Amino acid sequence: KEKKRHMGDTNHFCPVSLKENFVLYPGLYEHAAKYQEKIYYFSTSEYRDKFLKNPNEYVAHNEPIKAPPLRVCLLGTHGAGKTTCARQIADKLGIFHIQFEEHLQELILPKTKEKVGPRFVEESEEDDNKMPILSQKQEDFSQTMTKTETRKNKQEVELTDEEEAIKANIMDNEALPPEILDNIVLDWWRKEPFRSMGFILDGFPRNLDEAKYLSERGLCPDVVVYIQVEESDILERLFPPHLKKWKERQYKRMENKKKLKDLKAKLRV
């Protein structure tokens with residue numbers, strides 16, 4: 001009780017992190033300092049020294065220090081219902097909803113022209129599975145045109161190193177380097193309108209390295225929620241739509257084969 005009565009304006013949070021990054025970052029006992037009979041805790045020794053050089057910049061004066069808006073990280077396996085829950089929470093609390101993988105897709109979509117990743121591979125393969133042309137000359141011409149179009153597409157879809165890294169992350173789960181995460185994630189904590197309104201970040205961090213990245217950058221979420229769902233429930237949720245798509249693809253293949261058979265029969269006549 002005695003310690004609580006004499007703690008600084010930001011309680012156990014670092015006042016320098018709050019002032020400069022608008023983040024509630026818990027301070028550490030080993031980085032504590034006393035100012036005007038109050039104890040302040042800091043996230044790093046550098047921030048403690050910075051505070052002691054000019055404490056008036058980081059303490060309350062005429063009114064209490066304003067706390068940052070709510071920042072939530074919502075985690076869970078694919079199919080757990082993160083996005084559905086995140087949308088409802090964001091709407092109820094009046095904060096932004098950021099779906100991390102969808103945001104990555106949007107960053108490269110202007111060049112790829114379509115979404116990439118394992119979930120979209122089957123659909124693109126289905127588009128390529130067109131009826132073969134019977135005439136050899138037409139087939140040769142088509143192959144030539146296809147090669148030309150492919151070269152043209154390759155020229156148009158020349159990704160930067162950052163875009164290549166984002167694509168590799170979506171396609172093969174390759175880790176995103178910290179410098180690329182800086183270009184994506186920092187703005188949500190430090191720039192408007194996210195800085196003032198807050199957000200719920202759906203699907204990030206996805207692994208230990210990304211969690212460490214947030215910690216090293218001082219990007220502390222106020223709440224982290226992990227949605228745990230039984231595997232059987234996920235299968236019941238995801239399997240029916242996948243089965244429906246598979247049946248539709250099979251039906252299209254059968255239709256194409258039937259049309260091809262009818263064309264061959266007409267040519268023989």
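Anything mentioned here points back to the structure above.
Residues numbered from 1 in each chain as written. Predicted model: local features only at pLDDT ≥ 70, side-chain atom pairs only at ≥ 80, totals over all residues. Heavy atoms only, no water.

**Student:** Tell me about the nonpolar core, and name the residues and values.
**Tutor:** Among the nonpolar cores identified, the biggest contains 26 residues, and Phe100, Val185, Trp188 and Trp189 are the most heavily contacted of them. Only helix H5 (100–112), helix H8 (161–172), helix H9 (178–190), strand S5 (199–202) and helix H11 (208–216) provide two or more residues apiece to this core. Top contributing element to this core by residue count: H9, with 7 residues. Filtering out sequence-adjacent residues up to four positions away, Trp188 remains in contact with Ile98, Phe100, His103, Phe194, Arg195, Phe199 and Leu201. Residues Tyr40, Phe42, Tyr58 and Val59 belong to the second largest nonpolar core, which totals 10 residues. (Core = buried A, V, L, I, M, F, W, Y, C linked by side-chain atoms within 4.5 Å. Buried < 20%, exposed > 50% of the residue type's maximum accessible area, 1.4 Å probe, protein only. Helix = DSSP H or I, 4+ residues; strand = E, 2+ residues; numbered from the N terminus. Contact = heavy atoms within 4.5 Å.)

**Student:** Which residues make up H8, and what values do they have?
**Tutor:** In this model, H8 (12 residues) spans 16 Å end to end at C-alpha, consistent with the 16 Å of a helix rising 1.5 Å per residue. Of the residues one or two after H8, Asn173 is the one with positive phi, at around 60°. (Expected span 1.5 Å × (residues − 1).)

**Student:** Account for a negative patch on the surface, with residues named and values stated.
**Tutor:** There is a patch of like negative charges on the surface, built from Glu230, Glu231, Asp233 and Glu236. On the basis of relative accessible area, Glu231 is assigned to the exposed category, the value being 61%. (Patch = residues over 30% accessible without salt bridge, like charges linked within 9 Å, V, L, I, M, F, W, Y side chains within 5 Å. Areas by Shrake-Rupley, 256 points an atom, 1.4 Å probe, with all protein chains shown as cover. Salt bridge = Lys/Arg side-chain N within 4 Å of Asp/Glu carboxyl O. Lys, Arg positive; Asp, Glu negative; His and termini not counted. Charge placed at Lys NZ, Arg CZ, Asp CG, Glu CD.)

**Student:** Would you mind going over the packing of aromatic side chains in detail, with residue names and values included?
**Tutor:** This structure, assessed with the given rule, holds 8 aromatic pairs. With a centroid separation of 4.8 Å and an interplanar angle of 55°, the aromatic rings of Phe96 and Phe194 are classed as tilted. With a gap of 98 residues between them, Phe96 in strand S4 (residues 96–99) and Phe194 in helix H10 (residues 194–197) connect regions that are remote in the sequence. A relative accessible area of 26% places Phe96 in the partly exposed class. Seen from their ring centres, Phe100 and Phe204 are 4.5 Å apart, and the 35° between their planes marks the pair as tilted. Highlighted residues: Phe100 in helix H5 and Phe204 in the loop between S5 and H11, separated in sequence by 104 residues. With respect to class, Phe100 is no different from Phe204; both count as buried. Following the ring pairs from residue to residue traces out a cluster consisting of Tyr35, Tyr40, Phe42, Phe51 and Tyr58. (Phe/Tyr/Trp six-rings, centres within 6.5 Å; stacked < 30°, edge-to-face > 60°.)

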